[in-house]
Amino acid sequence: QLLKNDLLHLNKKELTANFRRITQHDILNAHLHRFGLVTDPKCFLCNQEDETSNHLLNCKMLTEVRDTLKKLKLNDFEFFGKLYFHFRDLKNAAM
């Protein structure tokens, strides 16, 4: 019931980000590299680890963003949704 309540009030972006995290079908380099769509699976920000959903939760280059989001007292799904799309916006701006 708690999970259902957490999901019910997510916006479309937050739902999308969490669906992508669960299914591991996303626009992150590790996934795209498996299909030969990018040459390097590494994170475009830190270039240290493969760019995966789980990496976004630990990437040293996103520490400040994560700290800011933590102050908002979001549930885990909201937190990840906002982090994922912030990262995607950074990546799009760099292209």
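Structure shown above.
Throughout what follows, the structure given in this document is the object of discussion. All figures in this text were calculated on a predicted structure; none of them were measured in a lab.

**Considerations on helix α5 (residues 63–70)**
An α-helical turn contains 3.6 residues, so a residue and the one three or four places further along point in the same direction. Along α5, the residues that are buried comprise V65, R66 and L69. All buried residues of α5 project into a common sector of 95° when viewed along the axis, lining one side. The exposed set on the far side of α5, more than 90 degrees from its buried face, consists of E64 and K70. On its buried face, α5 is in contact with α4 (53–56) and α6 (76–94).

**Quick look at the environment of D50**
Relative to the helices and strands, D50 resides in the loop between α3 (29–34) and α4. A residue is classified by how much of its surface remains accessible, and D50, at 34% relative accessible area, is partly exposed. As for D50 and E64, which are separated by 14 residues in sequence, their C-alpha atoms are 20 Å apart. The residues touching D50, leaving out its near neighbours within four places in the chain, are A30, P41, K42, C43 and H55.

Rules of the game
Residues numbered from 1 in each chain as written. Predicted model: local features only at pLDDT ≥ 70, side-chain atom pairs only at ≥ 80, totals over all residues. Heavy atoms only, no water. Buried < 20%, exposed > 50% of the residue type's maximum accessible area, 1.4 Å probe, protein only. Helix = DSSP H or I, 4+ residues; strand = E, 2+ residues; numbered from the N terminus. Arc of directions from axis to C-beta. Contact = heavy atoms within 4.5 Å.

These values are about where atoms sit, not about what they do.
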